[in-house]
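A structural walkthrough
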Amino acid sequence: MSDTAPQDPHIGPDDVRHVALLSRLEFNDGEVTRFTRELNDILAYVDQLQELNTEGVEPTSHAIKQVNVFRPDTPGISLTNDEALANAPDSESGCFKTPPIIQG
Amino acid sequence: MSVCDKSALEISEMLAAGQISSVEVTQAYLDRIATVDPGIHAYLHICPETALTQARQADERRAQGDGVTAVTGVPIALKDNICARGLRTTCASRMLENFRPPYDATVTARLRNAGAVILGKTNLDEFAMGSSTENSGFGPTLNPWDTERIPGGSSGGSGAAVAAALAPWALGSDTGGSIRQPAAHCGVVGLKPTYGRVSRYGLVAYGSSLDQIGPMTIDVKDAALLLNVIAGHDPMDSTSHDVPTPDFLEGIDGGVAGMRIGMPKEYFTEGMDPEVEQTVHAAIAALKNLGAEVHEISLPHTRYAIAAYYVSATAEASSNLARYDGVQYGEREPDCKNIIEMYTKTRARFGDEVKRRIMLGTYALSAGFYDAYYLKSLKVRTLIQKDFLNAFESVDLIAAPVTPTPAFRLGENTDDPLSMYLADVFTVSLNLAGYAGVSVPCGFSSNHLPIGLQLISPAFEEARLLRAAYAYEATAGFKGLRPVR
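Counting starts from 1 at the beginning of each chain's written sequence and moves along it residue by residue. Chains carry letters and ligands carry numbers; both start at the beginning, A for chains and 1 for ligands, and go up in the order they are written. Reporting in this predicted model follows two pLDDT cut-offs: at least 70 for local features of residues, and 80 or more for side-chain atom pairs to be given and counted; totals over whole chains, interfaces and linings ignore these cut-offs and use all residues. Side-chain calculation: all heavy atoms of the structure are included, whereas hydrogens and water are not.

So, the packing of helix α1 (residues 13–22) of chain A against helix α11 (residues 352–365) of chain B
Note on geometry: axes are C-alpha line fits, over the in-contact stretch for helices, and angles between N-to-C directions span 0 to 180 degrees. Working definition: helices are DSSP H or I runs of at least four residues, strands are E runs of at least two. Numbering for both runs from the N terminus. Contact geometry of α1 of chain A with α11 of chain B gives a least axis separation of 9 Å together with a crossing angle of 95°. By the angle class used here, α1 of chain A and α11 of chain B are roughly perpendicular. Residues V16, V19, A20 and L22 of chain A of α1 of chain A pack against M359, T362 and Y363 of chain B of α11 of chain B. Reported orientations rely on four angle classes, namely roughly parallel under 35 degrees, roughly antiparallel over 145, roughly perpendicular from 65 to 115, and oblique for the rest. Contact criterion: two residues are considered in contact whenever any of their non-hydrogen atoms come within 4.5 Å of each other.

Encoded structure:
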């Protein structure tokens with residue numbers, strides 16, 4: 001359980017580039033500089049959460065609790081292949097089509 | 001007086017009495033939109049042909065007396081993050097510029113089944129991320145009360161549409177205040193139902209544990225009527241609750257005598273606009289005059305709500321928005337050599353605020369930071385919810401401001417994302433706690449900008465909430481006021 005206070009500054013340009021890679025986003029150098037500053041401002045503000053002792057406090061992921069919502073497994077009407085593909089940027093033979101995933 | 005000045009309930013009564021047809025009402029709104037909306041930009045897309053077809057069908061339905069409901073033939077506007085089969089649903093994002101959903105959101109289907117007429121889709125901050133509509137990928141909406149100011153957000157298009165009589169009523173969605181805040185800034189009623197009261201199926205996800213669809217209307221009775229149509233359990237949304245849906249109009253005039261109303265001291269802080277503070281105090285005094293008991297209460301973790309919200313909401317957003325990869329729907333960058341390049345170049349279509357939230361959320365969920373940020377925010381969420389639970393042991397409702405200031409000027413907060421986030425200080429707690437809240441017009445600033453009173457109820461007590469809002473509205477004298485234009 002690492003409820004430790006994060007460092008200041010929280011993130012540098014290389015961290016921003018790393019998080020951008022994880023997010024599949026791309027920034028030029030000017031954007032990296034700006035996002036580094038803005039994210040540091042926000043993270044510095046968020047740091048006030050560390051003031052609170054949350055030892056033994058259960059996390060809430062949903063406000064109104066529900067557990068194990070089941071329904072009968074009966075087949076129903078769903079989208080046709082044409083409807084499902086209607087918004088696809090590219091398709092072929094009833095499938096979504098993408099650029100190469102594994103380079104040959 | 002034009003039909004466009006009427007409330008939805010009044011239009012419903014006129015239709016029922018045969019005083020006007022749905023085609024006439026719909027055409028009146030389409031004409032007004034064509035004249036007035038270019039100066040407001042409440043709508044992203046207007047659907048004249050499908051609206052008039054629906055209106056003709058509604059008129060036939062009424063003529064035959066076949067399955068007529070209170071909303072048969074009544075026009076409505078939908079926030080453009082709510083799916084409507086065949087109608088463009090863009091979320092104000094370049095990413096979804098040409099997306100036409102192959103299915104209806106449950107709320108849309110309920111409205112269609114009841115015979116409502118969809119006028120069009122309203123503007124928002126891209127993917128509902130923002131408090132001003134300035135983050136729309138297609139240009140901001142202007143506040144009908146002062147077009148140099150923002151209408152609030154993210155449901156700013158819906159708020160402005162109702163305020164400017166470009167629709168009798170509209171649906172919005174509220175993740176951190178996105179119904180209540182624009183309602184306050186536009187001088188209309190905005191209701192965020194309890195999480196789980198209304199199905200989220202077909203609402204494009206931003207923060208799934210916080211998002212909730214709700215009515216934006218010209219008065220409280222319209223909000224009750226619209227909630228009647230959209231509320232209810234839906235097997236397509238496993239987070240929608242299987243609880244009975246009462247008739248929210250029934251007993252709405254029951255008054256507030258003996259009702260215990262809590263005034264949280266943390267919501268009347270230094271730094272808030274003095275006119276907002278005075279106006280909200282006066283509104284609470286009016287509730288007292290109507291027979292409510294007013295008690296000062298404490299919600300001690302209020303000051304941590306923004307931080308907890310912006311960590312948990314962005315974490316959910318970063319995951320929800322991973323689906324925009326250019327494969328199944330939405331835009332795709334053409335001519336990419338491989339799939340990684342295609343993902344990355346395609347996602348350049350997101351606006352800056354969406355990218356910022358994806359980055360913040362991804363960081364908060366990433367290895368080494370998950371406990372310090374995301375998990376911590378969920379624990380603080382528990383503390384914030386407990387504040388409300390404790391308060392509701394001694395009061396029936398909570399009364400508070402909606403916003404710390406009236407509507408700000410376009411561009412005033414765009415260079416500083418954090419200052420924009422702080423505008424949500426009085427609204428995000430409610431989403432974290434999951435309870436219901438409503439914004440009701442309660443006065444104007446000296447420069448004629450609307451101010452809202454926020455009332456908050458425990459889970460699934462919307463009937464109580466609407467009863468108090470209606471009692472206040474009936475006495476306050478701000479009902480149905482619209483800017484002249």
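Once you've had a look at it, read on.
Comments concerning the nonpolar core
Note on soluble globular proteins: their nonpolar side chains tend to be buried together. All names here are of chain B. Think of a nonpolar core as a cluster: buried Ala, Val, Leu, Ile, Met, Phe, Trp, Tyr and Cys residues, connected wherever their side-chain atoms sit within 4.5 Å. For each residue, the accessible area found with a 1.4 Å probe, counting protein chains only, is set against the maximum for its type, and the residue is called buried under 20%, exposed over 50%, and partly exposed in between. Counting residues in hydrophobic clusters, the biggest one holds 166 residues, and the most contacted among them are F127, L171, F388 and L453. Counting residues per element, this core draws most heavily on helix α9 (residues 305–320), which supplies nine residues. Membership of the second largest hydrophobic core comes to five residues, among which are I150, A407, F408 and M420.

What to know about the packing of aromatic side chains
Centre distance within 6.5 Å is the pairing criterion for rings of Phe, Tyr and Trp, where only the six-membered ring of Trp is used; planes under 30 degrees apart are then read as stacked, over 60 as edge-to-face, and the remainder as tilted. Considering all chains together, one arrives at 19 aromatic pairs over all chains under this definition. Seen from their ring centres, F127 of chain B and F350 of chain B are 6.0 Å apart, and the 70° between their planes marks the pair as edge-to-face. In this pair, F127 of chain B sits in the loop between β3 (117–122) and α5 (156–163) while F350 of chain B sits in the loop between α10 (339–346) and α11, placing the two residues 223 residues apart along the sequence. A relative accessible area of 2% places F127 of chain B in the buried class. Of the residues examined, F350 of chain B reaches a relative accessible area of 2% and is grouped as buried. Aromatic rings pair up to connect F99, F127, Y324, Y329 and F350 of chain B into one cluster. Lying over the aromatic face of F35 of chain A, R356 of chain B brings its terminal NZ or CZ to 5.8 Å of the ring centre. Charge-over-ring placement is defined geometrically: NZ (Lys) or CZ (Arg) within 6 Å of the ring centre, and within 35 degrees of the ring normal.

Thoughts on the side chain of S429 of chain B
All names here are of chain B. Tracing the sequence through the fold places S429 in helix α14 (residues 428–433). The class for S429 is buried, based on a relative accessible area of 1%. Discounting residues that sit within four places of it in the chain, S429 has contacts with Y267, A305, I384 and F388.

Some points on the confidence of the model for chain A
You can read pLDDT as the predictor saying how much it trusts each residue, on a scale of 0 to 100. Mean pLDDT over chain A: 90, with 91% of residues reaching 70 or higher. Note on residues 1–5 of chain A: pLDDT under 50 across the span, and 12 contacts to partners over four residues away in sequence or across chains.

Brief notes about the pattern of salt bridges
All names here are of chain A. One side-chain nitrogen of Lys or Arg within 4 Å of one carboxyl oxygen of Asp or Glu is enough to make a salt bridge. Enumeration over the complete set of coordinates arrives at 24 salt bridges over all chains. One salt bridge in this structure joins E38 and R34, with 3.5 Å as the shortest N-O distance. With E38 and R34 both in helix α2 (residues 29–46) and four residues apart, this pair spans about one turn of that helix. Taking the relative accessible area as the measure of exposure, E38 reaches 5% and is therefore buried.

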